[in-house]
Amino acid sequence: QVQLVESGGGLVQAGGSLRLSCAASGSTFSDYSMGWFRQAPGKVREFVAAITWLGGITHYAESVKGRFTISRDNAKNTVYLQMNSLKPEDTAVYYCAAPPRQFGRTWNALSTQEAYRYWGQGTQVTVSS
């Protein structure tokens, strides 16, 4: 069982930056790929970024590529999402998630929410224009 707690959301002006953190507990963090998803009001939850458990390979949605960076610190049991050049359309609740242990290396495997078993409660990001 994995417990996930996000933090770092808030209100920022367009063009600004935020760094989200997701602290994991309950199992061996380094055995889990990790993902970030987001859900805007009235829209379905969508994939943002993922990082694999083996090799730390990263994957991004096209809409955030070049602006967002996912990283992990296995010693701190934490995954991060550095968000730069934020746009109003990035406004959403951001969720951290983990698939089953030692699962997932490819974009296809990690970009669908059905692959994920554990979810955090979400953190709100609001980007004003």
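Residues numbered from 1 in each chain as written. Predicted model: local features only at pLDDT ≥ 70, side-chain atom pairs only at ≥ 80, totals over all residues. Heavy atoms only, no water.

Enquirer: Pulling in residues and values, what's your account of the overall build of the protein?
Expert: Within the protein one finds 1 helix and 11 strands. Order of helices (α) and strands (β) in the protein, N terminus to C terminus: β-β-β-β-β-β-β-β-β-α-β-β. The C-alpha radius of gyration of the protein comes to 13 Å, within 12% of the 14 Å expected for a compact globule of 129 residues. Projected onto its principal axes, the C-alpha positions of the protein cover 40 × 25 × 25 Å. Counting across all 129 residues of the protein, residues that qualify as buried make up 47%. Counting contacts in the protein only where the partners sit at least 6 residues apart, residues at least 24 apart contribute 60% of the total. On the protein, roughly 6200 Å² of surface is accessible, and the fraction owed to carbon and sulfur atoms is 49%. Averaging the coordinates of the 12 positive side-chain charges in the protein and doing the same for the 8 negative ones gives two points 3 Å apart. (Helix = DSSP H or I, 4+ residues; strand = E, 2+ residues; numbered from the N terminus. Rg over C-alpha atoms; globule rule 2.2 N^0.38 Å. Buried < 20%, exposed > 50% of the residue type's maximum accessible area, 1.4 Å probe, protein only. Contact = heavy atoms within 4.5 Å. Areas by Shrake-Rupley, 256 points an atom, 1.4 Å probe, with all protein chains shown as cover. Lys, Arg positive; Asp, Glu negative; His and termini not counted. Charge placed at Lys NZ, Arg CZ, Asp CG, Glu CD.)

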